[in-house]
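Reading the structure
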Amino acid sequence: MILAPLALLFAAQSGAATPAGVCSYAVIAGDTSSRKTNVHRTPTIASGKVGKLGRGTPVFVCGARGNWLWVHFAQGRHSCRGTANGLDVRYASTCAKGWVELHRVTIAAR
């Protein structure tokens, strides 16, 4: 169970899973204790929230810091259209963005 999040973290840090300038496709895994996953402004639980994502929501992992992942996602007025290869960061300005705890995200093939 711990291996999948670690693999995601290493892929996000090294960029090995996708070409440079492309964010990896993933989904919100959530957990059994809550129906929604909070997206934070900074990589800490104490920071303000920018949104809540349900289990299975697609996101693009664009960076990592410790046990947190920097994700782009579609929500409200924000669209975030990626491809099967991921999200090209040059076209990510329309996405909502924030930090999600590492254990709440999982890699998913499209």
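Residues numbered from 1 in each chain as written. Predicted model: local features only at pLDDT ≥ 70, side-chain atom pairs only at ≥ 80, totals over all residues. Heavy atoms only, no water.

**Overview of the packing of aromatic side chains**
Counted according to the given criterion, the structure contains 2 aromatic pairs. Ring centres 5.8 Å apart and planes at 65 degrees place the aromatic pair Tyr25 and Phe60 in the edge-to-face group. With a gap of 35 residues between them, Tyr25 in strand E1 (residues 22–28) and Phe60 in strand E4 (residues 58–65) connect regions that are remote in the sequence. Owing to a relative accessible area of 17%, Tyr25 belongs among the buried residues under this scheme. On the basis of relative accessibility, which here comes to 2%, the residue Phe60 falls in the buried class. Look at Trp70 and Trp99: their rings are 5.3 Å apart centre to centre, the planes differ by 55 degrees, and that puts the pair in the tilted class. Of the two residues, Trp70 sits in strand E5 (residues 68–73) while Trp99 sits in strand E7 (residues 96–101), which places them 29 residues apart along the sequence. For Trp70, a relative accessible area of 25% puts it in the partly exposed group. (Phe/Tyr/Trp six-rings, centres within 6.5 Å; stacked < 30°, edge-to-face > 60°. Helix = DSSP H or I, 4+ residues; strand = E, 2+ residues; numbered from the N terminus. Buried < 20%, exposed > 50% of the residue type's maximum accessible area, 1.4 Å probe, protein only.)

**With respect to the nonpolar core**
When a protein is soluble and globular, its nonpolar side chains tend to lie buried together. Counting residues in hydrophobic clusters, the biggest one holds 13 residues, and the most contacted among them are Val59, Val71, Phe73 and Val105. Among the elements of the structure, E1, E4, E5 and E7 are those that each provide at least two residues to this core. Looking at this core, the element that brings in the most residues is E5, giving 3 residues. Non-local contacts of Phe73, meaning those with residues more than four positions away in its chain, are made with Val39, Val50, Leu53, Pro58, Val59, His78, Cys80, Cys95, Ala96, Lys97 and Gly98. One finds Tyr25, Val27, Leu87 and Ala92 within the second-largest nonpolar core, a separate group that totals 8 residues. (Core = buried A, V, L, I, M, F, W, Y, C linked by side-chain atoms within 4.5 Å. Contact = heavy atoms within 4.5 Å.)

**Re the state of the cysteines**
Taken as a whole and assessed by the stated rule, the structure comprises 2 disulfides. In this model Cys23 forms its disulfide with Cys62; the gap between the sulfur atoms is 1.9 Å. Across the S-S bond linking Cys23 and Cys62, the dihedral sits near 115 degrees, which makes this disulfide right-handed. Of this pair, Cys23 sits in strand E1 while Cys62 sits in strand E4; the two residues are 39 residues apart in sequence, bridging distant segments of the chain. The class of Cys62 is partly exposed, set by a relative accessible area of 26%. Between Cys80 and Cys95 runs a disulfide, and the two sulfur atoms are separated by 2.1 Å. On the sign convention where negative is left-handed, the bridge of Cys80 and Cys95, at about 80 degrees about the S-S bond, is right-handed. Taken together, the residues Cys80 in the loop between E5 and strand E6 (87–88) and Cys95 in the loop between E6 and E7 connect sequence positions 15 residues apart. You'll find Cys80 and Cys95 in the same group, each marked buried. Counting only the cysteines that form disulfides, in the order they appear in the protein, gives the pairing 1-2, 3-4. (Disulfide = S-S within 2.5 Å.)

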